[in-house]
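Observations on chain architecture
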Amino acid sequence: MQHLALASHRTTANNARAAERRNLVPQLRQLADQLAKAIHEGSTARAQRLARQYMLPPIAWGFLATCLQQRDISADVIVGVLS
């Protein structure tokens, strides 16, 4: 019985983490929109400052890079802003 309880707890924790990640996607897209807007306005320095305000895991940075790439921003600019 204890084994089943532990397995249930792990599943619940994994589901909670997955739900948390899904809730972050709209926020990351919104951040990508803000970064893209600043970049398109010619203010990459402002985009850099905005990006540096966040301490994100590597996968989130990769997601942001993908979002920016989909907005026709060059790879060099993306690396400059997110690094």
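A short note on the pattern of salt bridges
- Counted by the stated rule, this structure contains 2 salt bridges.
- Here Arg46 and Glu41 are joined by a salt bridge, their closest N and O atoms 2.6 Å apart.

Comments concerning helix 3 (residues 58-70)
- Over its 13 residues, helix 3 runs 19 Å from end to end, which matches the ideal 18 Å to within 8%, given 1.5 Å per residue.
- All buried positions along helix 3 are accounted for by Ala60, Leu64, Cys67 and Leu68. Down the axis, helix 3 shows its buried residues gathered within 95 degrees of arc, on one side only. Residues of helix 3 that are exposed and point over 90 degrees away from its buried face: Pro58, Ile59, Gln69 and Gln70.
- Taken from the residues just after helix 3, Asp72 is the one with a positive phi, measuring 60 degrees.

A short note on the environment of Gly80
- Among the secondary structure elements, Gly80 is positioned in helix 4 (residues 75-82).
- Judged by relative accessible area, which is 30%, Gly80 ranks as partly exposed.
- As for Gly80 and Thr44, which are separated by 36 residues in sequence, their C-alpha atoms are 8.3 Å apart.

Looking at the nonpolar core
- Counting 18 residues, the largest nonpolar core has Leu35, Ala47, Leu64, Leu68, Ile73, Val81 and Leu82 as the members making the most contacts within it.
- Of all the secondary structure elements, the ones that give two or more residues to this core are helix 1 (2-40), helix 2 (44-52), helix 3 and helix 4.
- It is helix 1 that provides the largest number of residues to this core, a total of 7 residues.
- With sequence-adjacent residues up to four places away left out, Leu64 is seen in contact with Leu28, Leu31, Ala32, Leu56 and Leu82.

What counts, and at which threshold
- Residues numbered from 1 in each chain as written.
- Predicted model: local features only at pLDDT ≥ 70, side-chain atom pairs only at ≥ 80, totals over all residues.
- Heavy atoms only, no water.
- Salt bridge = Lys/Arg side-chain N within 4 Å of Asp/Glu carboxyl O.
- Helix = DSSP H or I, 4+ residues; strand = E, 2+ residues; numbered from the N terminus.
- Expected span 1.5 Å × (residues − 1).
- Buried < 20%, exposed > 50% of the residue type's maximum accessible area, 1.4 Å probe, protein only.
- Arc of directions from axis to C-beta.
- Core = buried A, V, L, I, M, F, W, Y, C linked by side-chain atoms within 4.5 Å.
- Contact = heavy atoms within 4.5 Å.

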